[in-house]
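# Breakdown of the fold
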Amino acid sequence: MASSAKEEAKPKPRLIVRLGVFLASHHILFSAVCCTAGIIALLFLPSLAKNTYLSENALIPGSANTLFSTEDVQEANRFAKGIEAAIGESRGGTTEIPKFIAQQTKNLGAEVYYHEFLPDSKCFHPLKFFTSMTNNMAAKPNGTYTNFGINTVGIIRAPRGDGKEAIVLVTPYNSQKVTPNELLSLALGFSVFSLLSRAAWLSKDIVWLSADSQFGEYSAVSSWLNQYHNPMFLSHPVNLDTKIYGANQILYKPDGTAEKAELMAFKRAGTMAAALIFKVGETRKYGDRDSVTMYAEASNGQMPNLDLLNVVHYLAVHRQGFRVNVETFNSLLSSSWLRVIAEVFQNLGSVLRKINPDWKLDVTVPDYVEGTANLASSMYNQALGVPTGSHGAFRDYQVDAVSLEFAPAFHLKNENAKSSFLLRGGRLTEGVVRSVNNLLEKFHQSFFLYFLTAPSKFISVGVYMIPFALLLAPLPIVAAALAGGSKTKGKLEDECKTKGNADDLQMEGGSWKWLKSARVLLIIQFWAVLVSLLPYYISQIPGAMPIQYAVIWAVLSITILIILYAMFGSPSRAGVEWKLLKATMITSITIGMGLMSIINFATAQLGALILIPMCLFSRPLRAQLEMNFLPRTVLLASNILLTVLGFPPSAFLIMKGLSKGSWTVDIVGDFWLWMEFLWEWSSATYLYVFLVHLPCWLLCIHVLLHPCYQPESKMKQE
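Each chain has its residues counted from 1, following the order in which its sequence is written. Where totals are concerned, whole chains, interfaces and linings use all residues; where local detail is concerned, this predicted model gives features only for residues with pLDDT of at least 70, and gives and counts side-chain atom pairs only at 80 or more. The side-chain values count all of the structure's non-hydrogen atoms but skip hydrogen atoms and water molecules.

- An unreviewed UniProt entry lists the chain under the name Glycosylphosphatidylinositol anchor attachment 1 protein, with Oryza glumipatula given as the organism.

## Topic: the pattern of salt bridges
- Whenever Lys or Arg places a side-chain nitrogen within 4 Å of a carboxyl oxygen from Asp or Glu, that contact is recorded as a salt bridge. Applying the stated criterion to the full structure yields nine salt bridges.
- Aspartate 72 is the salt-bridge partner of arginine 198, the closest N and O atoms lying 3.1 Å from each other. Residue arginine 198 is found in the loop between helix 6 (180–197) and strand 6 (205–212), and its partner aspartate 72 is found in helix 4 (residues 70–90); the two are separated by 126 residues along the sequence.
- Categorising residues by exposure relies on relative accessible area from a 1.4 Å probe, with only protein chains included: less than 20% of the type maximum marks a residue as buried, more than 50% marks it as exposed, and the intermediate range marks it as partly exposed. Owing to a relative accessible area of 51%, arginine 198 belongs among the exposed residues under this scheme.
- Among the salt bridges present, the one from lysine 204 reaches glutamate 165, with a minimum N-O distance of 3.6 Å. Taken together, the residues lysine 204 in the loop between helix 6 and strand 6 and glutamate 165 in strand 5 (residues 165–173) connect sequence positions 39 residues apart.
- Sharing partners across several salt bridges, the network here consists of Glu111, Arg157 and Asp205. Per the convention used, a helix needs a DSSP run of H or I reaching at least four residues, while a strand needs a run of E reaching at least two, with both numbered from the N terminus.

## Observations regarding the UniProt feature "transmembrane region" (unreviewed entry) in the chain
- UniProt positions are given in the numbering used here, feature names are shortened, and annotations may be inferred rather than shown by experiment. Mapped onto the present numbering, the UniProt feature "transmembrane region" (unreviewed entry) falls on residues 21–45, 461–483, 520–538, 550–568, 633–655 and 685–705.
- Structurally, residues 685–705 is divided into 95% helix and 0% strand, and its ends, taken at the C-alpha atoms, are 28 Å apart.

## Overview of helix 3 (residues 27–44)
- Between its first and last C-alpha, helix 3 extends 25 Å over 18 residues, near the 26 Å set by a 1.5 Å rise per residue.
- Among the residues of helix 3, His27, Ser31, Cys34, Cys35, Gly38, Ala41, Leu42 and Phe44 are the ones counted as buried. Here, expected helix span is obtained from the residue count minus one, scaled by 1.5 Å.

## Some words on the environment of phenylalanine 394
- Tracing the backbone shows phenylalanine 394 in helix 15 (residues 391–395).
- Between the C-alpha atom of phenylalanine 394 and that of leucine 225, which follows or precedes it by 169 residues, the distance is 7.4 Å.
- Contacts are assigned to residue pairs that have any heavy atoms within 4.5 Å of one another. When near neighbours in sequence (up to four residues on either side) are disregarded, phenylalanine 394 contacts Val168, Val170, Val221, Leu225, Met272, Ala275, Ile277, Val399 and Ala401.

## Describing the pairing of strand 2 (residues 111–117)
- Burial of strand 2 is extensive: five of the seven residues sit out of reach of the surface.
- Criterion used throughout: strands pair if DSSP finds at least two bridges between them. Pairing analysis gives seven bridges linking strand 2 to strand 4 (residues 149–156), with the strands arranged antiparallel. Among the inter-strand pairings, tyrosine 114 is bridged to a residue of strand 4, identified as threonine 152.

## Considering the packing of aromatic side chains
- For Phe, Tyr and Trp, where Trp contributes only its six-membered ring, two rings pair if their centres lie within 6.5 Å, and the inter-plane angle classes them as stacked under 30 degrees, edge-to-face over 60, or tilted in between. The full count for this structure, using the stated rule, is 31 aromatic pairs.
- Residues tyrosine 464 and phenylalanine 601 carry aromatic rings whose centres are separated by 4.9 Å and whose planes lie at 45 degrees to one another, so their mutual orientation is tilted. Pair noted here: tyrosine 464 is in helix 17 (residues 461–472) and phenylalanine 601 is in helix 23 (residues 601–616), with a separation of 137 residues, a long-range link. Grouping residues by exposure puts tyrosine 464 and phenylalanine 601 together as buried.

## Thoughts on the sheet that holds strand 1 (residues 50–51)
- If you walk across this open sheet you meet the three strands as 1-13-12, and the pairing is antiparallel. Edge positions in the open sheet fall to strand 1 and strand 12 (450–454), since each of these has one partner strand only.
- Across two bridges, the pairing between strand 1 and strand 13 (residues 457–460) is antiparallel. Opposite lysine 50, over in strand 13, you have phenylalanine 458 as the bridge partner.
- Its contacts with the sheet place helix 14 (residues 365–384) against strand 12 and strand 13, and it is angled at close to 145 degrees to strand 12. Under this scheme, a helix contributes an axis fitted over its contacting stretch, all axes are lines through C-alpha atoms, and angles between N-to-C directions fall in the 0 to 180 degree range.

Now the structure itself:
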């Protein structure tokens, strides 16, 4: 009686404990439900996109009448003709264009100076991912520079400002070969700058950067920003080779040093409030309206404040009649399987709206397809971690910036259409400057974490985290279930035992068996670090092709792995249980994905789509031989398919095919070029691929090939 009373008085476990035990005992079903829900939620994102809106009331775009008029258009045409004349007089030289721009800017009463910069020496270095942004200058050993660019910078001091804030306008052009479109860009930039030099309402300084993009648009802007924020003091004089560029002739007169000091002195304005990069792209061969394409993605998934994009979109569409576009995956626009999914979601949304009119999930098929193509492009560009334009250089210094590429729908020889385009383009730029000029503080009201599904629609961080959370949710449950040996009925059984580790399994307590799997994880992680550092030494080989670099990389990686296994023992020889090995693998995935979601969420989201299903459903192939035919076939096919797709080059092939729409690719050589592209731009995606994705893929291979499984009948006989 007393014992029964004590048993009745024993407190029941808490609800959260019982829930954890239940999920651990049904972890396979829980994993399948969460992964399926995560993929469905990701496909639902285009239907959940919201219309953009202005959060900062001080911006008030379009509240004032624009001052940009036909006279400014005429001034732009005169400026373009002046550059054409300067190019003709230079007889193939490249110094007359900066000289002409500086003279015209100086006539406006603005401060002018030249900024000389050198091309970035893009090279792999192991510590480059952890060091600050610096300008890697390519120079001769004797300190003489023979290949450099010249930016022309003009500054307008605001009549109503205190010199503490500034707005930057950037117009890129290639000084080696100026195209008619670049002439139009320079003319548009000068006409807007000329108008702002007469504006009495300015409260922020205006900086116009005519960026010499002969080494790339990003390099010119990044070099100027680097010196703007980090002054460089050279310990020895720099000699410019005047035979090639004639730098002495452009920078100062032979008999006067005053002009040299004035044009070479690096001048600064206030703290940058925002930056606008605009250029005229190729003429569109279709459409009835001029269009503007916005580029906003910066390094490692950084985005400017959404209010800046909203101002540009509102003024471009509702004030100047431009068609605004964002970058998209054109291959998805004609996808038949995507249209099938769109029709399913459209019918489902109609049913849900009949149940509750407040559930606005219905979206038309064309809108869903276009939204998905735009969303895929936005996620891919953010996950790549490489800026889509020179605006990315500003985000490295926490300055909100956006690049605008105008696409005229007319031939450039059509003077009337060109004048109308310059008028509307100038008014758009003036309107953006007016809105930013109204701000009393930095952009902070709107979103910094978002995906674009259309120029006027976005998905906020609170929505797009749902698919990632669903994919990540089963990881700790499955790891706990595997480490504890949980079964459906709560019994602790070992499905597979090795002949060599029978004594270990009977070890007292058995609580330190995870150390063997932890040692395997450390060995593989150390191998992954070495693999990520190999390109630094392989790239030193002169004259090799990308495919040769990639083959050498693969051979050395396999050799190092074999050596490490020979020194410390492979997982099969170490007597590691496959459940503990899988639990350790899932734990490392959880940590890696969590860290990567902080650095670049898009990379973590796309990586989770490939890596998490592969690791959750991995199971020794020998363990599947005793199953029935149908579940065995499904599990074998899914394991092999997920493992093949999870291999980094295969994942790269899928991303490349979806983005370019072409599956004919040299996977070996292109993978090396892609990795080279990532490390040149110091993208954190490179670290993710080799420190998170590759080790987990190799551990998954070890789980699939684990030799320890034996049928229960044989175990009983033994």
